[in-house]
Amino acid sequence: MNNNKIEIELELLAVAKLNTWFTSREDVRNFVDLVNQRTNKSYRDRLTDYVQSAINGYQDVTDGIDAKNIATAAIDIAEAGSNSVLNNVINLLDIENAEHNGNN
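Note that the structure is predicted; figures quoted are calculated from it, not measured.

Undergrad: Explain the overall build of the protein to me, please; I cannot follow it from the model alone.
TA: Helices and strands together make up the secondary structure of the protein, namely 5 helices and 2 strands. Moving toward the C terminus, one meets the helices and strands of the protein in the order α-α-β-β-α-α-α. For a compact globule of 104 residues, the expected C-alpha radius of gyration is about 13 Å, and the protein comes in at 14 Å, within 12% of that figure. Across its three principal axes, the protein shows a C-alpha extent of roughly 45 × 35 × 15 Å. The contacts in the protein between residues at least 6 apart in sequence include a share of 63% that link residues at least 24 apart. In the form shown here, the protein has an accessible surface area of approximately 6,300 Å², with 46% of it arising from carbon and sulfur atoms. In the protein, 9 side chains carry a positive charge and 16 a negative one; their mean positions are 8 Å apart.

Given below as structure tokens:
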């Protein structure tokens, strides 16, 4: 499997995780670096850990993929476009499907 495709899948997974914490791009922008006093980690760090866990589960196909880069890309996606994080995931999936089906 091609690493680029895996990275996109991981980004979607990470954005979906972000959507469990935040619903709007403004929330992501304003709170993603907020440090949780209990864990002493920001949401960005927690997201990076989440992505790293996913990468570790598929090590045979994820060589060279950086969890921090994936988390950053997911945050960028969540902050872009529509006001809703979930709508941004749906928009990205629509683009992916169009590219997969050759409808650029």
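Undergrad: When you look at the nonpolar core in this model, what are you seeing that I'm missing?
TA: Looking at soluble globular proteins, one finds that nonpolar side chains tend to be buried together. With 25 residues, the main nonpolar core has Leu10, Val15, Leu18, Val28 and Leu47 as its most contacted residues. Looking at this core, the elements with two or more residues in it are α1 (3-21), α3 (43-57), α4 (67-79) and α5 (85-100). Excluding residues that lie within four positions of it along the chain, Leu18 makes contacts with Val32, Leu47, Ala74, Ile75 and Ala78.

Undergrad: Could you clarify how one ought to interpret the side chain of Glu11 in this entry?
TA: Along the chain, Glu11 turns up in helix α1. Sequence-distant contacts of Glu11, defined by excluding residues within four places in its chain, comprise Ile70, Ala73, Ala74 and Ile77.

Undergrad: Just to check I follow, could you spell out the packing of α1 against α4 for this structure?
TA: Helix-helix packing: each pair is described by the crossing angle between the helix axes and the interaxial distance. Running from N to C, α1 and α4 cross one another at 60 degrees; their axes reach a closest spacing of 8 Å. On the basis of the axis angle, α1 is oblique to α4. With respect to the hand of their crossing, α1 and α4 are arranged in right-handed fashion. Here Glu7, Leu10, Glu11, Ala14, Val15 and Leu18 of α1 lie close against α4, whose contacting residues are Ile70, Ala73, Ala74, Ile75, Ile77 and Ala78. Residues of the contact of α1 with α4, tallied by class, amount to 10 nonpolar, no polar and 2 charged.

Undergrad: Please explain the confidence of the model for the protein as it appears in this structure.
TA: Low-pLDDT stretches of the model should not have their predicted coordinates read in fine detail. On average, residues of the protein carry a pLDDT of 86, and 96% of them reach 70 or more. Across the protein, the secondary-structure element scoring lowest on mean pLDDT is α5, at 79, and the one scoring highest is strand β2 (residues 41-42), at 96.

Undergrad: What should I look at first to understand the packing of aromatic side chains in this one?
TA: In this description, a pair of aromatic rings is defined by centroid distance and the angle of the planes. What the rule picks out here adds up to 2 aromatic pairs. For the pair Trp21 and Tyr43, a centre-to-centre distance of 5.2 Å together with 55 degrees between the ring planes defines the contact as tilted. Here Trp21, found in helix α1, pairs with Tyr43, found in helix α3; they are 22 residues apart in sequence, far enough to count as distant. Classification of Trp21 by relative accessible area gives partly exposed; the value is 22%. Between Phe22 and Tyr43, the ring centres sit 5.0 Å apart and the planes meet at 65 degrees, which makes this aromatic pair edge-to-face. With a gap of 21 residues between them, Phe22 in the loop between α1 and α2 (25-31) and Tyr43 in helix α3 connect regions that are remote in the sequence. On the basis of relative accessibility, which here comes to 4%, the residue Phe22 falls in the buried class. Following the ring pairs from residue to residue traces out a cluster consisting of Trp21, Phe22 and Tyr43. Here Lys17 stacks its cationic end above the ring of Tyr50, 5.1 Å away from the centre of that ring.

Each value, and the rule that gives it
Residues numbered from 1 in each chain as written. Predicted model: local features only at pLDDT ≥ 70, side-chain atom pairs only at ≥ 80, totals over all residues. Heavy atoms only, no water. Helix = DSSP H or I, 4+ residues; strand = E, 2+ residues; numbered from the N terminus. Rg over C-alpha atoms; globule rule 2.2 N^0.38 Å. Contact = heavy atoms within 4.5 Å. Areas by Shrake-Rupley, 256 points an atom, 1.4 Å probe, with all protein chains shown as cover. Lys, Arg positive; Asp, Glu negative; His and termini not counted. Charge placed at Lys NZ, Arg CZ, Asp CG, Glu CD. Core = buried A, V, L, I, M, F, W, Y, C linked by side-chain atoms within 4.5 Å. Buried < 20%, exposed > 50% of the residue type's maximum accessible area, 1.4 Å probe, protein only. Axes fitted to C-alpha atoms, helices over the stretch in contact; angles between N-to-C directions. Parallel < 35°, antiparallel > 145°, perpendicular 65-115°, else oblique. Left-handed = near helix turned anticlockwise from the far one by under 90°. Nonpolar A, V, L, I, M, F, W, Y, C, P; charged D, E, K, R; others polar. pLDDT = per-residue confidence, 0-100. Phe/Tyr/Trp six-rings, centres within 6.5 Å; stacked < 30°, edge-to-face > 60°. Lys NZ or Arg CZ within 6 Å of the ring centre and 35° of its normal.

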